[in-house]
Every structure is written in structure tokens, then in C-alpha cells.
Amino acid sequence: MNRIALVTGGQRGIGLGISRALAEAGYVVAIAAQEEADAPEVVEALSRLGGKGRYFRHDLLDIDHCKTLLDRVEADLGPVTAFVSNAGVPARIRGDMLDLAPDSFDFVMGVNLRGAFFLAQEVARRMLDQPSDSYRSMSFITSVSAEMVSIERAEYCLSKAGAAMMAELFAVRLAPHGIGVFELRPGIIETGMTAGVKDKYTARIEGGLVPAARWGQPADIGSIIVPIADGQMAFATGSTFAVDGGLSIPRL
């Protein structure tokens, strides 16, 4: 049976690091994102996957098309055995949470929480409807912001805290069926999303903010996803992995 991974936002940043790690481990990777298939970023990502990647256009805000996405993936590749809910958006504007506008709040929640939940729901339903002898998993990429406060991007923190609970809910619901569910909390990762604050965080990392004394890389998250997808952590279902170089460890 082919091992099929579905990675949302798998064409860039952390998602691409995950996609590459899974492809190198022998998975066929279905990337789902809202860009057009001929977008340079998508073309480059598929090239890096060396023939192990397929692209499926999907907007997480459009929850009515979750079934359509899964239908297309299954028709082209087969049932999903490893689902990685990775795609997300940052706060549109960093600023005082007392000035946060409802439309900005709704946008972040719509993608990071509502869209992520209903796609995961459809994946879970199909895993239950299509029993398999192969191990299957769902992984939710949240953030250290699920627990660590950033008052200048309140909506992002709230969305990731909600996603952390989402992972626990799916873990309990699916555990009796042998489907593992995990949460990964990246810390300060060097991607396009963090490019605008690179100088700020480089200085803070050099000042001791991250015990590992470096930026995280997308490959750091990918290296955790592979053993999860392979079933090497099956009895640890429901676990949360901080992939942050020690950033979130409380210190005096």
C-alpha cells in the first residue's frame, strides 16, 4: 500500500520542510494550498520533491470543498495515511491587542482554526470509513504561541491555543481506532513568515532567548514528523512536541 501524506501549506516554509522529509522517507506527498498550480513557489516545491509530490489547490477558508479535496487526492493517489495540518496565517498587523479589529481576528481564526478543523474532520471521517492495516496519523502544527503570550498578535496566539485543543480532541476521538494524533509546536523558525522580524529575533537569540542558540529550520520539524507518520510513536498519541530549541522551557 502506498503511503500518502497530505500536507496543507506544504509548498513553503515549515510545510516544505515537512514535505521534503516525508518524500525522502518514501511517502507520496499531496500538497494542498490556495496558490495556482503554476505559481513559481509551487513549481519549485514540486521540483524539490523529486517526483514524490502532487499539488492540489485548496483554500482553507472554503470549508464546503473539503470533501472535494479529499476526493481528488484519493482518486489520484489513494487514501491519506498521514495528514499534516500545517497551513496557517499570521496576524495581518502586529500591534496593540486593544486595537485588534474584528475582521483581522476573523480572518486568522477562519484559516488557523475553522478551516483547519473542518478539513481535519473530513480526513478523520475517511480514515474511519476506510480501515487499513497500515498505521495512520494526524499531526497539527501549532506554535509555541499556543502557550507563550505575544500581546501584539493576540488573534494568532488564540488560534494556536485553539488548535492545541483541537489536536487533543482528535487524539481522544481516534485513539480507539489506532489512529495517532500529535501536536508540534515550532518556535522561532527561519521562514518567509519570520523574514520581517529576522534582525529582531537574531539579536534576541544571540542574547540567550533560545537555549539552542540558533534559529530553527523547517527541516527540524520535518525530522519529527517522519517517525510520527511511520508509527514509531503510536502509543504516545495525544502528545505535544516542542520543536523550539528549548525556547518554551520556563527559566529564572
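First things first, this report covers the structure right here in the doc. (Residues numbered from 1 in each chain as written. Predicted model: local features only at pLDDT ≥ 70, side-chain atom pairs only at ≥ 80, totals over all residues. Heavy atoms only, no water.)

### Details of the sheet that holds strand S1 (residues 4-8)
Strands in a sheet are paired, the pairing made by backbone hydrogen bonds, and the direction either parallel or antiparallel. Condition: Two strands are counted as paired when DSSP detects at least two bridges linking them. Each helix corresponds to a stretch of at least 4 residues labelled H or I by DSSP, and each strand to a stretch of at least 2 residues labelled E; elements are numbered beginning at the N terminus. Only the stretch in contact is used when fitting a helix axis, every axis being a line fitted to C-alpha atoms; angles between N-to-C directions are given from 0 to 180 degrees.
Sheet architecture is open: seven strands sit in the order S3-S2-S1-S4-S5-S6-S7, paired in parallel fashion. With one partner strand each, in any of the chains shown, strand S3 (53-57) and strand S7 (240-243) form the two edges of the open sheet. Adjacent strand axes in the sheet meet at a mean angle of 20 degrees when their direction is disregarded. Bridging between S1 and strand S4 (residues 82-85) involves three bridges; their strand directions are parallel. Looking across to S4, one finds that Val 7 is bridged to Val 84.

### Comments concerning the nonpolar core
As a reminder of what qualifies: Within this scheme, the nonpolar core is defined by two criteria: the residues are buried Ala, Val, Leu, Ile, Met, Phe, Trp, Tyr or Cys, and they are joined through side-chain atoms within 4.5 Å. Think of it in three bands: residues with accessible area under 20% of the maximum for their type are buried, residues over 50% are exposed, and the middle band is partly exposed, with areas taken using a 1.4 Å probe on protein chains only. Contacts: residue pairs with any heavy atoms within 4.5 Å of one another.
Grouped together as the largest cluster of nonpolar side chains are 33 residues, with contacts concentrated most on Leu 6, Val 73, Phe 83, Met 138, Phe 140 and Phe 170. Counting only elements with at least two residues in this core, the list comes to S1, strand S2 (28-33), helix H3 (66-76), helix H4 (102-129), strand S5 (136-141), helix H5 (154-174) and strand S6 (179-186). Considering every element that reaches this core, the biggest residue donor is H4, with eight residues. With residues up to four places along the chain from it excluded, the contact list for Leu 6 reads Ala 30, Ala 32, Leu 70, Val 73, Val 80, Ala 82, Phe 83, Val 84 and Val 123. Counting residues in each nonpolar core, the second largest holds 27 residues, with Val 29, Ile 31, Ile 141 and Ile 189 among its members.

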